[in-house]
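Geometric and topological summary
If you want the building blocks of each chain, they are given just below.
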Amino acid sequence: ACRRRAPPGPGRPSPLRGTGAPSFRYELVDGQLLVSPVQRADHQRAVMELIRRIDPYVERHAIGELLPSPSDLDLFDGQRLQPDLFVIPIRKGWRFSDWPDAGIPWLAVEIASPETARADRGIKRERYLAAGVPTYWVVDVDAARVEVSTSEAPAPEVEKQRLRGHPIESIAPLEIDLVAFYE
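None of the values given here were measured: they were computed from a predicted structure. (Residues numbered from 1 in each chain as written. Predicted model: local features only at pLDDT ≥ 70, side-chain atom pairs only at ≥ 80, totals over all residues. Heavy atoms only, no water.)

Looking only at helices and strands, one finds four helices and 12 strands in the chain. Burial analysis of the chain (183 residues in total) assigns 44% to the buried set. When contacts within the chain are restricted to residue pairs at least 6 apart in sequence, long-range pairs at least 24 apart make up 54% of them. Counting every atom, the chain has about 10,100 Å² of accessible surface; 54% of that belongs to carbon and sulfur. (Helix = DSSP H or I, 4+ residues; strand = E, 2+ residues; numbered from the N terminus. Buried < 20%, exposed > 50% of the residue type's maximum accessible area, 1.4 Å probe, protein only. Contact = heavy atoms within 4.5 Å. Areas by Shrake-Rupley, 256 points an atom, 1.4 Å probe, with all protein chains shown as cover.)

Next comes the structure, spelled out in structure tokens:
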């Protein structure tokens, strides 16, 4: 699914390279500006595969809204983050109208790349958990694994077979078969 790709070919340079077109993502974390390049195609494939697996669960249980970046997620402590995917709970039957009103997501997901892995596994994990995000996943497409951190267990647990998320105890957990995800 997210790792199927053709072998590298000769390719052609992008017509936008060298034109000054914006090609970076900016995040402000603890007063530090994190700048990351445009994501690789396998990164975007992983995002789409996760949307296909998470969104039906979120919709079926009416527990929130799954959204991808770009975003301007405000964690209420001066932090502006752009997780690759996140689920914002619906509060009192209402969806938020703009980013300052979104609140704290119950799930934040980052797809690690060589350029972002250090921040994803370090400062961003710390900030998400400190802000009250109950579940944080770092998806490593190259290593075919997901690092799961929760507010109860902030040290990451590595999952390679099955990924579980349980936002509300009264409903069945979200389960993702990682073997199928990484095929």
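Don't stop here, the text continues.
To continue, consider the side chain of Thr-135. Residue placement: Thr-135 occurs in strand 8 (residues 135-140). Once residues within four sequence positions are removed from consideration, Thr-135 is found in contact with Trp-106, Leu-107, Ala-108, Ser-149 and Thr-150.

Of note, Gln-82 is situated in the loop between strand 5 (80-81) and strand 6 (85-89). Among the polar contacts made by the side chain of Gln-82, one reaches the main-chain carbonyl oxygen of Ser-71 at a distance of 3.4 Å. (Polar contact = N/O pair within 3.5 Å; in protein donor to acceptor, adjacent residues only side chain to side chain.)

Every α-helical turn comprises 3.6 residues, leaving residues that sit three or four positions apart pointing alike. Taking 1.5 Å as the rise per residue, helix 1 (residues 41-61) with 21 residues should run 30 Å; its terminal C-alpha atoms sit 31 Å apart, in good agreement. Along its length, helix 1 reaches its greatest deviation from straightness, about 30 degrees, at Ile-54, and the proline Pro-56 lies no more than four positions downstream. Turning to helix 1, its buried residues are Asp-42, His-43, Ala-46, Val-47, Glu-49, Leu-50, Ile-54, Tyr-57 and Val-58. Among the residues trailing helix 1, Ala-62 stands out with phi positive, at a value near 50 degrees. (Expected span 1.5 Å × (residues − 1). Bend = angle between axes of the 7 residues up to and from the residue.)

A word on helix 3 (residues 123-130). Extensive coverage of helix 3 is indicated by the burial of six of its eight residues. When we look at burial in helix 3, the residues that qualify are Ile-123, Lys-124, Arg-125, Arg-127, Tyr-128 and Leu-129.

Applying the stated rule across the entire model yields 11 salt bridges. Measuring nitrogen to oxygen at the nearest pair gives 2.9 Å for the salt bridge that ties Arg-52 to Glu-49. Taken together, the residues Arg-52 and Glu-49, both in helix 1 and three residues apart, mark about one turn of the helix. The residue Glu-49 makes a salt bridge to Arg-53 at a minimum N-O spacing of 2.5 Å. Of the two residues, Glu-49 and Arg-53 both sit in helix 1, four residues apart, roughly one turn of that helix. We classify Glu-49 as buried; its relative accessible area is 13%. Three or more residues joined by partner-sharing salt bridges are found here, namely Arg-121, Arg-125, Asp-140, Arg-145 and Glu-147. (Salt bridge = Lys/Arg side-chain N within 4 Å of Asp/Glu carboxyl O.)

Where burial is concerned, most of strand 7 (residues 107-112) is hidden: six out of the six residues are buried. The side-chain alternation of strand 7 yields two buried faces, one formed by Leu-107, Val-109 and Ile-111 and the other by Ala-108, Glu-110 and Ala-112. Where strand 6 and strand 7 come together, three bridges link them in antiparallel fashion. Residue pairing for strand 7: Phe-86 is matched across the bridge by Ala-108. In this structure, strand 7 lies alongside strand 8, joined through six bridges in parallel fashion. Note that in strand 8 the partner of Ile-111 across the bridge is Val-139. (Pairing = 2+ DSSP bridges.)

Right, let's get into the confidence of the model for the chain. Scored by pLDDT, the chain has a mean of 83; 84% of the residues are at 70 or more. Note on residues 4-8: pLDDT is under 50 here. Beyond four places in sequence and across chains, it has five contacts. A low-confidence stretch, residues 12-17 stays under pLDDT 50, and its non-local contacts, those more than four residues away or across chains, total one contact. (pLDDT = per-residue confidence, 0-100.)

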